[in-house]
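# Results of the structural survey
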Amino acid sequence: MTYMTDAPTAEHPVPMSGQGHGYDAPAGLSSGQYRLRRFGGRPIVFQGTELAMAMSFTPGLPYWFEINLFRANDGSCPVCVKKFFSSSEEKDFARAWVAPSIEAALDSIETFDPAEDVPVRVSLSGGSMTPAEMEAAAMDLQAQVTNVRTHYASLVGEFLHQLDAA
């Protein structure tokens with residue numbers, strides 16, 4: 001797992017955020033201004049600094065998470081959790097929100113449930129599945145939920161450990 005609490009010098013692998021720390025700034029953003037994409041909503045745009053970032057990229061795994069924690073100039077703490085996929089057939093996405101304080105931001109990172117974004121790829125509406133097939137599909141979905149939660153929880157644990165050590 002990669003952890004950074006200082007400004008990275010390399011370009012961000014997927015420019016989902018704004019200016020600063022080697023990110024490509026979208027048009028119209030000034031230095032220190034960020035634009036966080038979020039699924040199903042308008043971007044969060046703010047002036048501030050990135051406090052911490054952690055990434056769970058591991059070669060060979062089909063997906064990884066990135067957590068970004070910011071402090072806006074107004075004292076609030078924007079948070080972004082991104083999920084990236086190795087496969088070009090999957091679409092990367094981000095969840096972003098603004099917490100009123102560092103404590104609230106850290107609590108929201110800890111309680112974020114990545115299982116809400118695990119896709120259900122089987123349809124029960126056709127009625128053509130046998131009970132055994134339905135049970136197998138349910139077991140597969142349950143395993144995916146457990147895996148994504150475990151993967152994210154491991155990253156959060158390391159992220160919080162690194163923040164405590166800093």
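Structural data are supplied above this passage.
Residues numbered from 1 in each chain as written. Predicted model: local features only at pLDDT ≥ 70, side-chain atom pairs only at ≥ 80, totals over all residues. Heavy atoms only, no water.

Here we come to the packing of aromatic side chains. Per the counting criterion, the structure on display carries eleven aromatic pairs. Note on Phe 85 and Phe 93: the rings are 6.5 Å apart at their centroids and 45° apart in plane angle, and the pair reads as tilted. Taken as a pair, Phe 85 and Phe 93 share a single burial class, namely buried. (Phe/Tyr/Trp six-rings, centres within 6.5 Å; stacked < 30°, edge-to-face > 60°. Buried < 20%, exposed > 50% of the residue type's maximum accessible area, 1.4 Å probe, protein only.)

Here the focus is the pairing of strand E6 (residues 93-99). Counting buried positions along E6 gives five out of seven residues, so the element sits mostly inside the fold. Inspection of the sheet shows strand E5 (residues 77-85) paired to E6 by seven bridges, in the antiparallel sense. Following the sheet pairing, Val 81 is matched in E6 by Arg 95. (Helix = DSSP H or I, 4+ residues; strand = E, 2+ residues; numbered from the N terminus. Pairing = 2+ DSSP bridges.)

Moving on, we get to helix H1 (residues 102-111). Residues of H1 that are buried include every one of Ala 105, Ser 108 and Ile 109, and no others. Seen from one end, H1 has its buried residues packed into an arc of 100°, which puts them on one side. Of the residues in H1, the exposed ones pointing more than 90 degrees away from the buried face are Glu 103 and Thr 111. (Arc of directions from axis to C-beta.)

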